[in-house]
Amino acid sequence: MSAQQTLQKPNSVAELKGMITAAGLRLPEQQERVARKMLARPDIVAFGTISSVAGECVVSPSTVVRVANALGFDTFRELKCFFQQHLRSISGASRPAISKIPAPVATH
């Protein structure tokens, strides 16, 4: 399967990683560099812009957009939201639950 074919948008970063590492998905060298950097550093997509991601990966902004499209996303914004949701889910899972502390009882 080439990157030019339409892929179904992944539901999780694990699924995205599987798509990128699958033998059937072949991305051009620069696009693969972007995809691998996104997996290694999801924060650059979640909190960045097309230009900042491009700069981080040493590619053109249009290459970043092409990667988003090749991975099944309609826009970079959709990819960005995907990574934001991923970071929210892993940050919530790694924090211990805060139990409610009872309010002090006033004594008169």
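Source: prediction; values computed, not measured. (Residues numbered from 1 in each chain as written. Predicted model: local features only at pLDDT ≥ 70, side-chain atom pairs only at ≥ 80, totals over all residues. Heavy atoms only, no water.)

**Some words on the overall build of the protein chain**
Reasoning step 1: Scanning the protein chain from terminus to terminus reveals six helices and zero strands.
Reasoning step 2: Going from N to C terminus, the protein chain has its helices and strands arranged as α-α-α-α-α-α.
Reasoning step 3: Evaluated residue by residue, the protein chain yields a buried proportion of 34% over its 108 residues.
Reasoning step 4: For the protein chain, the share of sequence-separated contacts (at least 6 apart) that also reach a separation of at least 24 residues comes to 60%.
Reasoning step 5: Entry remark: accessible area of the protein chain is about 7000 Å², with carbon and sulfur atoms responsible for 56%. (Helix = DSSP H or I, 4+ residues; strand = E, 2+ residues; numbered from the N terminus. Buried < 20%, exposed > 50% of the residue type's maximum accessible area, 1.4 Å probe, protein only. Contact = heavy atoms within 4.5 Å. Areas by Shrake-Rupley, 256 points an atom, 1.4 Å probe, with all protein chains shown as cover.)

**A look at the side chain of K80**
Reasoning step 1: Relative to the assigned elements, K80 resides in helix α6 (residues 76–94).
Reasoning step 2: Within the buried core, K80 has no salt-bridge partner, and the shortest N-O distance to an opposite charge, that of D43, equals 11 Å.
Reasoning step 3: Setting aside residues no more than four positions away along its own chain, K80 makes contact with V45, A46, F47, G48 and T49. (Lys, Arg positive; Asp, Glu negative; His and termini not counted. Salt bridge = Lys/Arg side-chain N within 4 Å of Asp/Glu carboxyl O.)

**Describing helix α4 (residues 50–57)**
Reasoning step 1: Along α4, the residues that are buried comprise V53, A54 and C57. What you see down the axis of α4 is that its buried residues fit within an arc of 100°, all on one side.
Reasoning step 2: Of the residues trailing α4, V58 is marked for its positive phi of about 55°. (Arc of directions from axis to C-beta.)

**Some points on the environment of S60**
Reasoning step 1: The residue S60 is located in the loop between α4 and α5 (61–70) in this model.
Reasoning step 2: In this structure the C-alpha to C-alpha distance between S60 and I50, which are 10 residues apart in sequence, comes to 9.0 Å.

**Brief notes about the confidence of the model for the protein chain**
Reasoning step 1: Of all residues in the protein chain, 75% have pLDDT values of 70 or greater, and the mean over the chain is 82.
Reasoning step 2: A low-confidence stretch, residues 1–5 (pLDDT under 50), is modelled with 11 contacts involving residues beyond four sequence positions or located in other chains. (pLDDT = per-residue confidence, 0-100.)

**A closer look at the nonpolar core**
Reasoning step 1: Of all hydrophobic cores here, the largest spans 26 residues; its most connected members are V34, M38, V45, V53, L71, L79 and F83.
Reasoning step 2: Of all elements in the fold, only α1 (13–21), α2 (29–40), α3 (42–46), α4, α5 and α6 reach the threshold of two or more residues within this core.
Reasoning step 3: Sort the elements by how many residues they give to this core and α6 lands first, with five residues.
Reasoning step 4: Beyond its immediate sequence surroundings of up to four residues, L79 is in contact with M38, V45, A68 and F73. (Core = buried A, V, L, I, M, F, W, Y, C linked by side-chain atoms within 4.5 Å.)

**What to know about the packing of α2 against α5**
Any two packed helices are characterised by how steeply their axes cross, that is the angle between the axes, and by the distance between the axes.
Reasoning step 1: Between α2 and α5, the shortest axis-to-axis distance is 9 Å and the interhelical angle comes to 75°. Considering their axes alone, α2 and α5 lie roughly perpendicular with respect to each other. On α5, the residues that touch Q30, Q31, V34, A35 and M38 of α2 are T63, R66, V67 and A70.
Reasoning step 2: Here the contact of α2 with α5 is composed, by residue class, of five nonpolar, three polar and one charged. (Axes fitted to C-alpha atoms, helices over the stretch in contact; angles between N-to-C directions. Parallel < 35°, antiparallel > 145°, perpendicular 65-115°, else oblique. Nonpolar A, V, L, I, M, F, W, Y, C, P; charged D, E, K, R; others polar.)

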